[in-house]
Amino acid sequence: MGIIAEYNPFHSGHRYQIEEAKKRTGADWCIVAMSGDFVQRGGPAVYSKYLRAEMALSCGADLVVELPSAFAVSSAEDFAACGVALLTGLGAVDVLCFGSEDGEIHRIQTAARILAEEGGDFSALLSRGLRSGLSWPQARNQALLEMAEKDRDFPLKPEEMGRLLGSPNNLLGIEYCKAILRQNSPLIPLTILRQGRGYHDKELEEGQASASAIRRILQKQEPPHDRGLSSHGKLAQEARPHIPRAIWSLYGQEPPVEANDLSEVLNFCLLSLKREGQDYTLYGDVSPEMARRLDNCLLQQTSWEGRIEQLKTRQYTYTRISRALLHIVLGLTAVKVQAYKAAGRAPYARILGFRRESRELLALVKQKTSIPLITKTADAPHILTGTALDMFTQDIYASHIRQALLSEKLGKPVRNEFNQPICIL
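Just so it is clear, the structure is predicted and the values come from calculations on it, not from any experiment. (Residues numbered from 1 in each chain as written. Predicted model: local features only at pLDDT ≥ 70, side-chain atom pairs only at ≥ 80, totals over all residues. Heavy atoms only, no water.)

Colleague: Explanation requested: the overall build of the chain in the structure shown.
Modeller: Each helix and strand in the chain was counted, giving 19 helices and 10 strands. Viewed in the frame of its principal axes, the chain has a C-alpha envelope of about 65 × 55 × 50 Å. Expressed as a percentage of its 425 residues, the buried residues of the chain come to 52%. Look at the contacts in the chain between residues 6 or more apart in sequence, and 72% of them connect residues 24 or more apart. When the accessible surface of the chain is totalled, it reaches about 18,700 Å², and 49% of it is carbon and sulfur. (Helix = DSSP H or I, 4+ residues; strand = E, 2+ residues; numbered from the N terminus. Buried < 20%, exposed > 50% of the residue type's maximum accessible area, 1.4 Å probe, protein only. Contact = heavy atoms within 4.5 Å. Areas by Shrake-Rupley, 256 points an atom, 1.4 Å probe, with all protein chains shown as cover.)

Colleague: In this structure, what is going on with the packing of helix α14 (residues 304–311) against helix α15 (residues 318–330)? I would like to understand it.
Modeller: Any two packed helices are characterised by how steeply their axes cross, that is the angle between the axes, and by the distance between the axes. Running from amino to carboxyl end, α14 crosses α15 at an angle of 120 degrees, the nearest separation of the two axes being 10 Å. When the axes of α14 and α15 are compared, the pair comes out oblique. Here the hand of the crossing between α14 and α15 comes out right-handed. Side by side, α14 and α15 meet where Trp304, Glu305, Arg307, Ile308 and Leu311 of the first sit next to Tyr318, Ile321, Ser322, Leu325, Leu326 and Val329 of the second. Classifying every residue of the contact of α14 with α15 gives 8 nonpolar, 1 polar and 2 charged. (Axes fitted to C-alpha atoms, helices over the stretch in contact; angles between N-to-C directions. Parallel < 35°, antiparallel > 145°, perpendicular 65-115°, else oblique. Left-handed = near helix turned anticlockwise from the far one by under 90°. Nonpolar A, V, L, I, M, F, W, Y, C, P; charged D, E, K, R; others polar.)

Colleague: Please clarify how empty space enclosed by the protein should be interpreted in this entry.
Modeller: Using a probe with the size of a water molecule, rolled over the atoms, empty space left in the structure can be pinpointed. All told, the structure shown has 1 cavity of 30 Å³ or more when counted by the stated rule. Lining the largest cavity we find Tyr50, Arg350, Thr375, Lys376, Thr377, Gln420 and Ile422. Residues that form the lining of the largest cavity fall into these classes: 2 nonpolar, 3 polar and 2 charged. (1 Å grid on protein atoms, 1.4 Å probe; cavity = no way out; pocket = protein on both sides within 12 Å on 5 of 7 lines; lining within 4 Å. Points joined across faces, edges and corners; volume = space filled by probe spheres on them.)

Colleague: Please explain unusual backbone geometry as it appears in this structure.
Modeller: Of the consecutive residues asparagine 8 and proline 9, the connecting peptide bond is found in the cis state with omega at 0 degrees. Summarising the element assignment, proline 9 is placed in the loop between β1 (2–5) and α1 (12–25). Even without being a glycine, asparagine 184 presents a positive backbone phi close to 50 degrees. Classification of asparagine 184 by relative accessible area gives exposed; the value is 68%. One non-glycine residue with positive phi stands out, namely arginine 345, at about 70 degrees. Secondary-structure assignment places arginine 345 in the loop between α16 (334–342) and β8 (349–354).

Colleague: I would appreciate a short explanation of α14 in the present structure.
Modeller: Residues that lie three or four places apart on an α-helix share one face, since the helix turns once every 3.6 residues. Counted residue by residue, α14 has 6 buried out of 8 residues, so it is predominantly covered. Restricting attention to buried positions, one finds in α14 the residues Trp304, Gly306, Arg307, Ile308, Gln310 and Leu311. Turning to α14, the residues buried within the fold contact α12 (263–275), α13 (288–296) and α15.

Colleague: Hey, could you run me through the nonpolar core in this one?
Modeller: One broad rule of soluble globular proteins: the nonpolar side chains tend to lie buried together. Residues Leu63, Leu87 and Trp304 are the most contacted members of the largest nonpolar core, which totals 100 residues. Cys30, Ile214, Leu352 and Cys423 belong to the second largest nonpolar core, which has 36 residues in total. (Core = buried A, V, L, I, M, F, W, Y, C linked by side-chain atoms within 4.5 Å.)

Colleague: Honestly, the packing of aromatic side chains in this entry has me stumped. Any pointers?
Modeller: Both the distance between ring centres and the angle between the ring planes are used here to describe each pair of aromatic rings. For the structure on display, the rule yields 4 aromatic pairs. Positioned over the ring face of tryptophan 248 is arginine 240, at 4.4 Å from the centre of the ring. When the ring centre of phenylalanine 71 is taken as reference, the NZ or CZ atom of arginine 345 above it lies at 6.0 Å. (Phe/Tyr/Trp six-rings, centres within 6.5 Å; stacked < 30°, edge-to-face > 60°. Lys NZ or Arg CZ within 6 Å of the ring centre and 35° of its normal.)

Colleague: What exactly am I supposed to notice about helix α10 (residues 211–220) here?
Modeller: Most of α10 is tucked away, with 7 of its 10 residues classed as buried. Listed in full, the buried residues belonging to α10 are Ala211, Ser212, Ala213, Ile214, Arg215, Ile217 and Leu218.

Colleague: I would appreciate a short explanation of the side chain of serine 322 in the present structure.
Modeller: Looking at the secondary structure, you find serine 322 in helix α15. Residue classification places serine 322 among the buried residues on the basis of a relative accessible area of 1%. Other than its neighbours up to four places away in sequence, serine 322 contacts Arg41, Gly42, Gly43, Trp304 and Ile308.

Colleague: Whenever I open this one, the pattern of salt bridges confuses me. Can you help?
Modeller: Counted under the stated rule, the structure contains 21 salt bridges. In this structure, arginine 345 engages aspartate 78 in a salt bridge whose closest nitrogen and oxygen atoms are separated by 3.4 Å. With a gap of 267 residues between them, arginine 345 in the loop between α16 and β8 and aspartate 78 in helix α4 (residues 76–90) connect regions that are remote in the sequence. Residue classification places aspartate 78 among the buried positions, given a relative accessible area of 8%. Across the pair lysine 274 and aspartate 295 runs a salt bridge, and its minimum N-O distance is 2.9 Å. With lysine 274 in helix α12 and aspartate 295 in helix α13, the pair connects residues that are 21 residues apart, well separated along the chain. For lysine 274, a relative accessible area of 43% puts it in the partly exposed group. (Salt bridge = Lys/Arg side-chain N within 4 Å of Asp/Glu carboxyl O.)

Colleague: Would you mind showing me how to read the pairing of strand β2 (residues 31–35) here?
Modeller: A regular strand carries its side chains on alternate faces of the sheet. For β2, the buried fraction is high: 5 of the 5 residues fall into the buried class. Burial along β2 is two-sided: Ile31, Ala33 and Ser35 facing one way and Val32 and Met34 facing the other are all buried. Handedness of the β-α-β unit built from β1, α1 and β2 comes out right-handed. Judged from the 5 bridges that link them, β2 and strand β5 (residues 63–67) form a sheet pairing that is parallel. Directly across from valine 32, in β5, lies its bridge partner valine 64. (Right-handed = clockwise from strand over helix to strand, strands pointing away. Pairing = 2+ DSSP bridges.)

Colleague: Looking at this structure, I do not really get the state of the cysteines. What am I missing?
Modeller: Here a disulfide denotes one covalent bond, and it connects the sulfur atoms of two cysteines. For the coordinates displayed, the defined rule picks out 0 disulfides. Cysteine 82 takes part in no disulfide bond, and the closest cysteine sulfur to it belongs to cysteine 177, at a distance of 17 Å. Owing to a relative accessible area of 0%, cysteine 82 belongs among the buried residues under this scheme. Cysteine 177 takes part in no disulfide bond, and the closest cysteine sulfur to it belongs to cysteine 97, at a distance of 11 Å. For cysteine 177, a relative accessible area of 4% corresponds to the buried category. (Disulfide = S-S within 2.5 Å.)

Structure (structure tokens):
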């Protein structure tokens, strides 16, 4: 059984999903394809990928592999497509499990089938929405709702479609199912009704808190008086009920990293590109209009979130702009990303960690995988070639940027990708 996740950070809802998925499928093992150093909303992961992998392994996961960075920071469609390709390539996963607000796989698969085909009325309505100035997600949602309202034989009622399109985990589930269809993957989708608070809910009250709420608590804590020391007493009081006891101590091992920690790196990158005469639109998600606005406010140097406010319009969401800025920082051009898609999105699997008692699973993956497995960073140039090696190099570059941010917070060097061992529990 497989799960595609960010675990940013890991909490009790994630443990529930792993346990429930194992129970429903009868699976002996859980393989997680997890975002590494940066996440889909366009910022650094709050904790390092190794620490988050350890959290997952401590709470039911058996093997954790890294989602390639280029797609970990991409749209929901590309994020899902990469995750599906990675789990399919491993050859040892039969069921893809994901959480959703709807909890009904039939409705999610129906919407996915319509989107996967993108023909007839849907394409016409989508094009009309885009011409009217809507963003692609807005135009897509409007097209599906119009189809549901006008066609009596449409497989989903308008209110059902509205609920599906109004919830982030439902939308991601639709993308997983769409990717399975388009890739002709043998993965069988299974959805589990999401427990507790909404994906974007920032409050810690009764019920299971969201990762957003836990991040808010982590990031508002006062820094320790001595750099390098942790100060998570407040976390222990407010968030303990929402975090598995097995990983309480892991929350204190690193200071959290947030998007604003990238502010100076971003300003330096923008100035460097301007001096070199580079066009911002070369980078993923940067439109001509966004590039013009960025150029006009270039010398008004501010924080990461300040830059987003400078660029924000009705058409561009916070996440879209944040991803665009992150693509600039990571050097992810549209041409590069297109080449990575052509290479299959996941032409290798980098192992972040596994459980000792699951060695049989690792042996099974090595036997069945159709893509190379990377366990040691130094071995990658001897295993990968061409675009796959370039993708892996991109992952290493992203890791070193985040490690630099962590080193700055700690006031001391941290292990880099060439001397960081995988996590074995």
